[in-house]
Amino acid sequence: MVQAVVGANWGDEGKGKITDMLAENADIIVRFQGGANAGHTIVNNYGKFALHTLPSGVFYDHTTSIIGNGVALNIPVLFKEIKSITDKNVPMPKILVSDRAQMVMPYHILFDQYEEERLAGKSFGSTKSGIAPFYSDKYAKVGFQVSELFDEAALREKIERVIVQKNILLEHLYHKPLIDADETFNTLMEYKKMVEPYVCDVSAFLWDAIKEGKNILLEGQLGSLKDPDHGIYPMVTSSSTLAAYGAIGAGIPPYEIKKIVTVVKAYSSAVGAGAFVSEIFGDEADELRRRGGDGGEFGATTGRPRRMGWFDCVATKYGCRIQGTTDVAFTVLDVLGYLDEIPVCVGYEIDGEVTTDFPTTTKLEKAKPVLKTLPGWKEDIRGIKEYDKLPENCRKYIEFIEEQIGFPITMVSNGPKREDIIIRNK
Ligand code: GDP
C-alpha cells in the first residue's frame, strides 16, 4: 500500500514527526520533490535531527530510504546528513538514489544568492539552496541527471555547452566570477564517487515493491500553499508539494496512492514572503513563536524566526482539498495550552464580502481575517493517549476545526516525540 504524508499549509506542519511515526510500519520511504531548502525536525531516542534531504525513515533499520527523481539532489548535503546521523550512532541507513534525479550544481546555489541580492527588497526570501535555479534548468532542459555522471565524454561536452549561457549572465547581469568547465567536471566526478553505490532505477524498484505488497510512504516537503500551481504564486516553491506529484516524483502509478495523510498544524506559521491572512504580530506572536514547535518556531534550515498566525480554516480547507486528503494529522496542539482564548480565522473578507473559499493571489493580498474566538483549555495535554481524556475545550477546538475544514482528523499530535500521538478511530 502506498500512502503520502504531505502538508496542508505553508510547510513546517510537523510532517517529519508524522512520517517518522508512520515509518514504523513502512518498508520504504520516498522523498519525491523539493530539496535541501526546507527541513524536517525529528526527535527520537538517538537525539534531535534536522533533515533536509534524507527521508524521515532513516532512523529505522527495517526501512529503505529513497531519493526519487523529483528531488533536487544536493549530493554534498546528502552525504553530510548521512554522516551527521551515523556520527550519533544511528545505523547506516539503506539508501537508494534515482538515476533520473537531477543534481543541484554548485552554480545553482550561487545563482540563487546572486538573484536574491539583485532583487534586494523584492526578493522571494529564498533559503539560497539553489532550488529555483535548479528547477528552472530542469525544465529548460539544461539540468544534469545522476545517470549522466556515467558517460564522462558526453558530460564534459554538455558542461561546456551549458555554461556558455550561464557565463553571459554572470559577466553582464551579476558581475561575478565565471564558471570553469574543468572545475565543474571535477566536482561532478567527486559527486559520482559519493553517489555511485546508491544509484538505481527507482521506479522499477518501486514497481516490484508494490507488487510484493510492501508498505511505501511518500514524504512531501512544504505544504499545499507553496505549490507552484495551486499555492500563493509567486511566493511558492519550485516543485509541486502535492500528493499527486508523488506519483511522478517517485515514478509510480497514481492509482496506487491509497491514503493521503495531510498534516495540519493547530496554529499557523510561515517562512518567506507572501500574503498570510491570519498573521499576528508583536508580543502575541513572540509568545506563540517562543512556545511553538519543539523549542520555538525557527527555520530548520536557516534558523530564522517564522511568521506566526492563528489557525486558518479557509487556507486549510483548501490545502486539504487540493491534496486529496483522506486523513488529517493535527499537530502541535499541546502548544496552545497556555491561552485563555484562541482566535481562529473562519473567513476572509475581500472587498467587503466574506468568503470561505481560498482565492488566487491577487485577491488574497486584499483579504482580512474574520476571527472567531474559542475558549482555551489551560492545561498541559502532553502524555494523554486517548481522545476522550483530552479536556473538553480541547476536543471542542479539534471538532470545530474538523467541521470547518471538512476532512476527518484521525490523528492528534500532542508533543514532538513519536509516541506523542492520539489515534482517533473514526
Ligand atoms: P515539517 O517540515 O513539516 O516536518 O515541520 P518541522 O520540522 O518544522 O516540525 C515542526 C516542529 O514541531 C519540529 O520541531 C517538531 O519536533 C515539532 N513537533 C511536531 N509535532 C509536534 C507536536 O505535536 N507538539 C510539539 N510541541 N511539537 C511538535
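Our subject is the structure that appears above.
Residues numbered from 1 in each chain as written. Predicted model: local features only at pLDDT ≥ 70, side-chain atom pairs only at ≥ 80, totals over all residues. Heavy atoms only, no water.

Asks: What am I meant to see in the overall build of the protein here?
Replies: Counting secondary structure elements, the protein contains twelve helices and 21 strands. Expressed as lengths along the three principal axes of its C-alpha atoms, the size of the protein is roughly 70 × 50 × 40 Å. In the protein, which comprises 426 residues, the share counted as buried stands at 58%. Nonlocal contacts in the protein, meaning residues at least 24 apart in sequence, comprise 75% of its contacts between residues at least 6 apart. Side-chain charges of the protein comprise 49 positive and 59 negative groups, with the mean position of each set lying 1 Å from the other. (Helix = DSSP H or I, 4+ residues; strand = E, 2+ residues; numbered from the N terminus. Buried < 20%, exposed > 50% of the residue type's maximum accessible area, 1.4 Å probe, protein only. Contact = heavy atoms within 4.5 Å. Lys, Arg positive; Asp, Glu negative; His and termini not counted. Charge placed at Lys NZ, Arg CZ, Asp CG, Glu CD.)

Asks: I keep staring at the side chain of Lys166 and nothing clicks. Help me out?
Replies: Position of Lys166 among the secondary structure elements: in helix α5 (residues 152-174). With sequence-adjacent residues up to four places away left out, Lys166 is seen in contact with Tyr107, Phe111, Asp137 and Ile179.

Asks: Looking at this structure, I do not really get the pattern of salt bridges. What am I missing?
Replies: Note on pairing: side chains with opposite charge can pair once their charged atoms come close. Tallied over the entire structure, the rule returns 27 salt bridges. Between Lys265 and Glu297 there is a salt bridge, with its nearest N and O atoms 2.9 Å apart. With a gap of 32 residues between them, Lys265 in strand β11 (residues 257-265) and Glu297 in the loop between α9 (282-291) and β14 (307-309) connect regions that are remote in the sequence. An identical accessibility class is assigned to Lys265 and Glu297; each is buried. (Salt bridge = Lys/Arg side-chain N within 4 Å of Asp/Glu carboxyl O.)

Asks: What should I look at first to understand the pairing of strand β3 (residues 40-44) in this one?
Replies: Along a regular strand, successive side chains alternate from one face of the sheet to the other. Within β3, four of the five residues are buried, leaving the element largely enclosed by the surrounding structure. Here β3 pairs with strand β4 (residues 47-51) via five bridges, running antiparallel. Within the sheet, the bridge partner assigned to Asn44 lies in β4 and is Gly47. Taking the residues between adjacent antiparallel strands as the criterion, β3 and β4 are bridged by two residues. (Pairing = 2+ DSSP bridges.)

Asks: I'm lost on helix α7 (residues 202-211) in this one. Help?
Replies: At 3.6 residues per turn, the α-helix brings residues three or four places apart onto the same side. Within the sequence span of α7, burial applies to Val202, Leu206, Ala209 and Ile210. Viewed end-on, α7 has its buried residues packed into an arc of 100°, placing them on one side of the element. Residue Gly213 follows α7 closely and has a positive phi angle near 80°. (Arc of directions from axis to C-beta.)

Asks: Any chance you could explain the environment of Ala270 here in plain terms?
Replies: Assignment of secondary structure puts Ala270 in strand β12 (residues 268-270). Between the alpha carbons of Ala270 and Asp12 there is a distance of 7.7 Å; along the sequence they are 258 residues apart. In contact with Ala270, other than residues within four places in its own chain, are Trp10, Phe276, Arg306 and Arg307.

Asks: Would you mind showing me how to read the packing of α5 against helix α6 (residues 181-195) here?
Replies: For any two helices packed against each other, the geometry comes down to the angle between their axes and how far apart the axes lie. Where α5 contacts α6, the two axes come as close as 10 Å, and the packing angle between them is 135°. Accordingly, the angle class assigned to the pair α5 and α6 is oblique. Judged by the twist between their axes, the crossing of α5 over α6 is right-handed. Where α5 abuts α6, its residues Glu152, Leu155, Arg156, Ile159, Glu160 and Ile163 lie against Ala181, Asp182, Thr184, Phe185, Leu188, Met189 and Lys192. Here the contact of α5 with α6 is built from residues that sort into seven nonpolar, one polar and five charged. (Axes fitted to C-alpha atoms, helices over the stretch in contact; angles between N-to-C directions. Parallel < 35°, antiparallel > 145°, perpendicular 65-115°, else oblique. Left-handed = near helix turned anticlockwise from the far one by under 90°. Nonpolar A, V, L, I, M, F, W, Y, C, P; charged D, E, K, R; others polar.)

Asks: Mind showing me how you'd approach the site of the ligand here?
Replies: Every one of the 20 residues lining the ligand counts as a neighbour, but Lys15, Gly16, Thr41, Asp334 and Ser413 are closest to it. Taking Val332, its main chain carries an N or O atom lying 3.0 Å from an oxygen atom of the ligand. In the complex, the protein chains occlude 97% of the 580 Å² of accessible area that the ligand would expose alone. Here the residues of the shell around the ligand are counted per class, giving three nonpolar, nine polar and eight charged. (Near = heavy atom within 4 Å. Polar contact = N/O pair within 3.5 Å; in protein donor to acceptor, adjacent residues only side chain to side chain. Areas by Shrake-Rupley, 256 points an atom, 1.4 Å probe, with all protein chains shown as cover.)

Asks: Would you mind showing me how to read the packing of helix α2 (residues 75-86) against α6 here?
Replies: Here α2 crosses α6 at 40°, and the two axes come no closer than 10 Å. Compared by their axis directions, α2 and α6 come out oblique. Relative to α6, α2 is oriented so that their crossing is left-handed. Of the residues in α6, those touching α2 at Ile75, Pro76 and Phe79 are Tyr191, Met194 and Val195.

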